[in-house]
Amino acid sequence: MGSDVALLLQTANFAAEKHKRQRRKDVEKTPYINHPIGVATILSQEAGITDVVVLQAALLHDTVEDTNTTFLEIEEHFGPEVRKIVEEVTDDKTLAKMERKKQQIEHAPHCSYNAKLVKLADKLYNLRDLNRSIPKGWSELRVQEYFRWSSEVVNGLRGTNAVLEKTLQQLFTERRIPVQAD
Ligand SMILES: Nc1nc2c(ncn2[C@@H]2O[C@H](COP(=O)(O)OP(=O)(O)O)[C@@H](OP(=O)(O)OP(=O)(O)O)[C@H]2O)c(=O)[nH]1
Ligand SMILES: [Mn+2]
C-alpha cells in the first residue's frame, strides 16, 4: 500500500475521533465527519488535487476550530505544512461572530494557494449542503445571507481553481447574487 494512502487513512481516522461527538446542524443530524471527508473528496474528485498535504488539511480543517485539537497536535502528527494550512483556514473563535465573518472576507486574498483550495471546497460543500437541507432554526433569509457572504469570501479566492470557482459561481447565479467587481 502506498504511504500516501496510509497517511490519508490515518488523517481521516484522527479527524473522525476528534469530531466523534459532533453532528451537523441539519434535521437528520448527519455525523460532522461527513463534512471534512466531503471537502477532501471535492478537492480530489472535482478539483483534481492530488497533493496529499492539501487533502490532509481538508480532512483536518475544522478540528481546531470545532474540537479540543491544538495546532501543535496537528504538527506533531502530520507535520508543519499541514499545520500551516489548517492554521490559515481556522477562524479566531475569540472574536465575535460578525467580526469573524468580516475577517474571512479580508483574510481570503492573503491565504496561500493551498489554503485557498481548502476554503473554496469548504464553501462549496456548505452551499450544496444548504441547497440540500436547511439547518434547524435557519430562515430563508439567513440561508440567502450565508450565500451572499460566501460570495464575498470566494471573490477573494479567485484565480485558484477554475473548476471550483465555476461551480461556485453557478450556485451564486442560481441565488441571483450579482458578480462582484474587485
Ligand atoms: N450548510 C450547513 N452548514 C453546517 C451544517 N452543520 C454545521 N454547519 C457549519 O456551520 C457553519 C456555517 O454556519 P454559521 O452560522 O455561518 O457559522 P457558525 O458555525 O460559526 O455559527 C459552517 O462552518 P465552517 O465549515 O467553519 O465554514 P464557514 O462558516 O467558515 O464557511 C458549516 O460547516 C449544516 O447542516 N449545513
Ligand atoms: Mn468546514
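Reference entry: report on the structure contained in this document. (Residues numbered from 1 in each chain as written. Chains lettered and ligands numbered in written order. Predicted model: local features only at pLDDT ≥ 70, side-chain atom pairs only at ≥ 80, totals over all residues. Heavy atoms only, no water.)

1. Topic: the site of ligand 1
The environment of ligand 1 is made up of 21 residues, and the closest members are Lys-25, Lys-97, Lys-101, Arg-142 and Tyr-146. One of the backbone N or O atoms of Asp-26 is found 3.1 Å from an oxygen atom in ligand 1. The contact in question runs from a nitrogen atom of ligand 1 to an N or O atom on the side chain of Asp-129, over 3.4 Å. If ligand 1 stood free it would expose 690 Å²; the protein chains cover 89% of that surface. Mapped by element, the contributors of at least two residues to the shell around ligand 1 are α7 (97-107), α8 (113-132) and α9 (140-155). Ranked by residues supplied to the shell around ligand 1, first place goes to α8 with five residues. For the shell around ligand 1, a count of residues per class yields six nonpolar, three polar and twelve charged. (Near = heavy atom within 4 Å. Polar contact = N/O pair within 3.5 Å; in protein donor to acceptor, adjacent residues only side chain to side chain. Areas by Shrake-Rupley, 256 points an atom, 1.4 Å probe, with all protein chains shown as cover. Helix = DSSP H or I, 4+ residues; strand = E, 2+ residues; numbered from the N terminus. Nonpolar A, V, L, I, M, F, W, Y, C, P; charged D, E, K, R; others polar.)

2. Description of helix α2 (residues 34-46)
The end-to-end C-alpha separation of α2 is 17 Å, in line with the 18 Å expected for 13 residues at 1.5 Å each. Elements that come into contact with the buried residues of α2 comprise α3 (52-60), α8 and α10 (162-174). Among the residues trailing α2, Gly-48 stands out with phi positive, at a value near 75 degrees. (Expected span 1.5 Å × (residues − 1). Contact = heavy atoms within 4.5 Å.)

3. Considerations on the coordination of the manganese ion (ligand 2)
Protein ligation of the manganese ion (ligand 2) involves His-35 (NE2), His-61 (NE2), Asp-62 (OD) and Asp-122 (OD), the donor distances falling in the range 2.2 to 2.4 Å. All donors to the manganese ion (ligand 2) come from one chain, and their sequence spacing reads H-x25-H-D-x59-D. (Donors = N, O, S within 2.8 Å, 3.2 Å for Na, K, Ca; no water.)

4. Remarks on the pattern of salt bridges
Counted by the stated rule, this structure contains 14 salt bridges. With its nearest N and O atoms 3.0 Å apart, the salt bridge here joins Asp-26 to Arg-132. Residue Asp-26 is located in the loop between α1 (3-18) and α2, and its partner Arg-132 is located in helix α8; the two are separated by 106 residues in the primary sequence. Look at Asp-26 and you get buried, because its relative accessible area is 5%. Residue Arg-132 pairs with Glu-28 through a salt bridge whose shortest N-O separation is 3.1 Å. Highlighted residues: Arg-132 in helix α8 and Glu-28 in the loop between α1 and α2, separated in sequence by 104 residues. Classification of Arg-132 as partly exposed rests on a relative accessible area of 47%. A single network of salt bridges, built from pairs that share partners, joins Arg-24, Asp-26, Glu-28, Asp-129 and Arg-132. (Salt bridge = Lys/Arg side-chain N within 4 Å of Asp/Glu carboxyl O. Buried < 20%, exposed > 50% of the residue type's maximum accessible area, 1.4 Å probe, protein only.)

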